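# Fold and geometry: a report
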Amino acid sequence: MSKQYSLSEVAKHNKENDAWIVVHNKVYNITNFLEGHPGGKRILLQVAGQDATKQFVQFHNLNAITVLKKYTKLVVGELEGAQTTSEEDPAAANFGSMISFADPSWYQGWATPYYKESHRRLRAWARKIVEAELMPYCTEWDIAGQVPLSVSRRLGELGFLSGMTGSPQWPSEYAPCPPPCGIRPEEWDAFHEQVLGDELARMGSGGANNALTTGPSIALPAVLNYGSPSMKKKVVADVLAGKKAIALAITEPQAGSDVAGIQTTATKSDDGTYYILNGEKKWISNGTWSDYFVVAARTGGPGMGGITLFLLERDGGVLGPSSAEGFASRPVKCQGLGGSGTSYLTIENVRVPTENIIGKLNNGFKCIMSNFNHERLGICTTAIRFARVCFEDAYKWSQVRRTFGQRLFDHGVIRNKLGHMARQIEATQTWLDFILYQLTMIKDPQEAMTKLGGPLALLKAQCTVTLDYCAREATQILGGVGYTRGGQGERVERIYRDVRGYAIPGGSEEIMLDLGIRQAAKINQLVGAKL
């Protein structure tokens with residue numbers, strides 16, 4: 001039990017060389033923090049020896065969790081007589097801030113046919129990890145341009161990464177641990193993965209999100225689903241444990257959404273034991289530090305039928321002879337997604353053993369396409385939670401910020417902005433949950449690709465358009481706070497920079513809208529639509 005202090009005892013510590021304050025009933029010794037306070041020491045000395053909760057909320061209404069979690073080391077006790085806040089029941093129907101539209105409706109007691117008791121336990125488990133171990137450090141990682149690899153190892157040992165592969169069940173053969181919260185491996189479904197991705201996105205950091213999940217969710221499925229037994233044995237377990245990193249190397253300077261247009265080549269050696277790869281890859285997430293790369297190269301004729309996937313190893317031949325000689329990666333600085341390790345790869349006469357082929361020769365396009373639905377679902381999940389973060393922080397700010405003698409919220413134009421944000425968020429979330437349900441009900445992967453490819457393309461566009469709108473409107477509501485890196489508006493400011501990092505990768509909005517309608521036309525023909 002923490003030591004308790006009365007307000008009169010706290011009041012004795014009111015000088016520069018001995019300064020305490022109370023925030024939310026916890027007593028903080030801020031003496032050695034005065035010089036490091038971003039707002040200057042004078043502001044803190046004005047409330048030294050006092051309960052500063054009101055002032056803290058005024059300046060940290062939006063980032064209170066981040067600040068308080070980061071400085072728990074300054075806590076020396078609790079205020080005498082204060083009621084301790086009991087932890088939320090992980091399986092409770094009501095969970096989170098209870099601000100309308102800040103969380104999905106099932107967090108706030110609304111009935112749902114999709115989310116069960118195990119999903120409620122999982123969201124509480126994930127939120128606790130994200131708030132304690134990730135959110136307080138996102139700004140540091142954004143500035144540094146990299147998330148420490150120890151964070152991936154931490155999420156790996158907890159089982160977080162094992163839940164991001166799109167596998168219809170828990171990957172027990174390779175996962176470092178069973179599913180969290182007592183969930184049985186056979187219970188694991190797409191909605192559990194949705195909960196993990198959704199809670200992780202509350203960081204409001206596309207860079208950290210991509211650094212931690214892009215490998216397991218976008219690159220690893222190719223190995224998990226199409227790799228040889230020896231390849232899977234070597235690669236999968238280490239990636240899920242966070243010990244190794246893997247990147248998907250498809251996009252090229254001249255070939256983005258048009259995957260069939262890639263120009264990297266793979267030429268078979270005379271003795272047939274290896275392939276020689278030559279080409280360039282650009283905008284490769286995690287490429288700066290990854291150990292493995294799933295590389296698409298042309299082994300046949302033009303178009304989608306001549307592409308093969310290879311596993312390239314940065315440090316050379318774990319599966320074969322010194323394969324990485326001639327390979328290099330360098331960082332690519334982008335508008336957003338700071339810390340995601342976006343890179344430019346040069347591949348010059350790199351020898352890759354024949355056994356490093358993923359799937360079948362000239363069948364790589366199919367392997368790539370098989371995970372597109374999963375990749376786009378991950379983008380959708382993150383984008384819609386980012387939109388909620390924008391709404392939540394804008395709503396909270398509108399309650400405390402005053403202009404012209406009244407709260408921002410009391411201005412009709414602000415409520416109008418919030419209303420448009422809320423209606424788009426809720427409509428998009430409903431569509432996402434519906435598509436997820438279809439995914440759990442369709443057992444044939446080929447049928448899922450055919451039936452859901454078009455709707456998912458449209459959903460991806462819907463999610464990023466919604467995010468774009470909410471990021472802009474939230475920034476307008478927050479004003480200068482939303483324009484400043486770090487501080488109260490840090491999540492919104494970061495998300496605003498990250499928007500294009502979701503609207504373009506995985507298929508740009510323009511490509512997605514066109515694909516969605518073209519796929520619908522094909523389905524119309526298949527089912528005999530009466531035109």
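## Overview of the packing of aromatic side chains
- For the coordinates displayed, the defined rule picks out 17 aromatic pairs.
- With a centroid separation of 4.8 Å and an interplanar angle of 75 degrees, the aromatic rings of tryptophan 106 and tyrosine 107 are classed as edge-to-face. No difference in accessibility class separates tryptophan 106 from tyrosine 107, as the two residues are buried.
- Taking the centre distance of 4.1 Å and the plane angle of 5 degrees together, the rings of tryptophan 106 and tyrosine 115 count as stacked.
- Exposure remark for tryptophan 106: the relative accessible area of 7% places this residue in the buried category.

## A closer look at the pairing of strand E3 (residues 18-23)
- Counting buried residues in E3 gives five out of six residues, a clear majority hidden from the surface.
- Bridging between strand E2 (residues 14-15) and E3 involves two bridges; their strand directions are antiparallel. Bridge assignment links asparagine 14 to a residue of E3, and that residue is alanine 19.
- Adjacent in sequence and paired antiparallel, E2 and E3 are bridged by two residues.

## Some details on the packing of helix H12 (residues 372-400) against helix H13 (residues 412-441)
- As a packed pair, H12 and H13 sit with axes 10 Å apart at the nearest point and diverge in direction by 155 degrees. As judged from the angle between their axes, H12 and H13 are roughly antiparallel. Seen from above, H12 lies across H13 with left-handed handedness. Judged by residue contacts, Leu377, Cys380, Thr381, Ile384, Ala387, Arg388, Cys390, Phe391, Ala394, Tyr395 and Ser398 of H12 engage Ile414, Leu418, Met421, Ala422, Ile425, Glu426, Thr428, Gln429, Leu432, Ile435, Leu436 and Leu439 from H13.

## A look at the environment of leucine 200
- Along the chain, leucine 200 turns up in helix H8 (residues 190-200).
- Between the C-alpha atoms of leucine 200 and leucine 44, which are 156 residues apart in sequence, the distance is 32 Å.
- Apart from residues lying up to four places away in sequence, leucine 200 is in contact with Val130, Leu134, Phe160, Asn209 and Thr213.

## Quick notes on the nonpolar core
- Formed by 71 residues in total, the largest nonpolar core has its most connected members in Leu134 and Met203.
- The greatest single-element share of this core, amounting to 12 residues, is contributed by H12.
- With near-sequence residues (within four places) excluded, leucine 134 lies in contact with Ile129, Trp141, Val151, Leu200, Met203 and Leu212.

## Details of the packing of helix H14 (residues 445-478) against helix H16 (residues 490-498)
- Following both chains from N to C, one finds H14 and H16 inclined at 140 degrees, their axes separated by 9 Å at the closest point. Judged by the inter-axis angle, H14 sits oblique to H16. When you trace H14 past H16, the crossing you get is left-handed. Between H14 and H16, the contacting residues are Leu467, Ala471, Arg472, Ala474, Thr475 and Leu478 on the first element and Val492, Ile495 and Tyr496 on the second.
- Tallied by class, the residues present in the contact of H14 with H16 amount to seven nonpolar, one polar and one charged.

## Details of the pattern of salt bridges
- Under the defined criterion, the tally for this structure stands at 28 salt bridges.
- A salt bridge links arginine 127 to aspartate 103, with the shortest nitrogen-to-oxygen separation between them at 3.0 Å. Taken together, the residues arginine 127 in helix H5 (residues 117-134) and aspartate 103 in the loop between strand E6 (75-79) and H5 connect sequence positions 24 residues apart.
- Among the residues examined, arginine 127 registers a relative accessible area of 7% and is labelled buried.
- The class for aspartate 103 is buried, based on a relative accessible area of 3%.
- Residue arginine 154 is joined to glutamate 133 by a salt bridge in which the shortest nitrogen-to-oxygen separation is 2.9 Å. Separated by 21 residues along the polypeptide, arginine 154 in helix H7 (residues 149-158) and glutamate 133 in helix H5 bring together distant segments of the chain.
- On the accessibility criterion, glutamate 133 (30% relative accessible area) is partly exposed.
- Put simply, Asp103, Arg127, Asp198, Glu199 and Arg385 are held in one network by salt bridges that share partners.

## Things to note about the environment of glutamine 50
- Among the structural elements, glutamine 50 can be located in strand E5 (residues 50-51).
- Measuring from C-alpha to C-alpha, the distance between glutamine 50 and leucine 7 comes to 7.2 Å, with 43 residues separating the pair along the chain.
- Once residues lying within four places of it in the same chain are set aside, the contact partners of glutamine 50 are Val10, Trp20, Ile21 and Val22.

Rules and cut-offs
- Residues numbered from 1 in each chain as written.
- Predicted model: local features only at pLDDT ≥ 70, side-chain atom pairs only at ≥ 80, totals over all residues.
- Heavy atoms only, no water.
- Phe/Tyr/Trp six-rings, centres within 6.5 Å; stacked < 30°, edge-to-face > 60°.
- Buried < 20%, exposed > 50% of the residue type's maximum accessible area, 1.4 Å probe, protein only.
- Helix = DSSP H or I, 4+ residues; strand = E, 2+ residues; numbered from the N terminus.
- Pairing = 2+ DSSP bridges.
- Axes fitted to C-alpha atoms, helices over the stretch in contact; angles between N-to-C directions.
- Parallel < 35°, antiparallel > 145°, perpendicular 65-115°, else oblique.
- Left-handed = near helix turned anticlockwise from the far one by under 90°.
- Contact = heavy atoms within 4.5 Å.
- Core = buried A, V, L, I, M, F, W, Y, C linked by side-chain atoms within 4.5 Å.
- Nonpolar A, V, L, I, M, F, W, Y, C, P; charged D, E, K, R; others polar.
- Salt bridge = Lys/Arg side-chain N within 4 Å of Asp/Glu carboxyl O.

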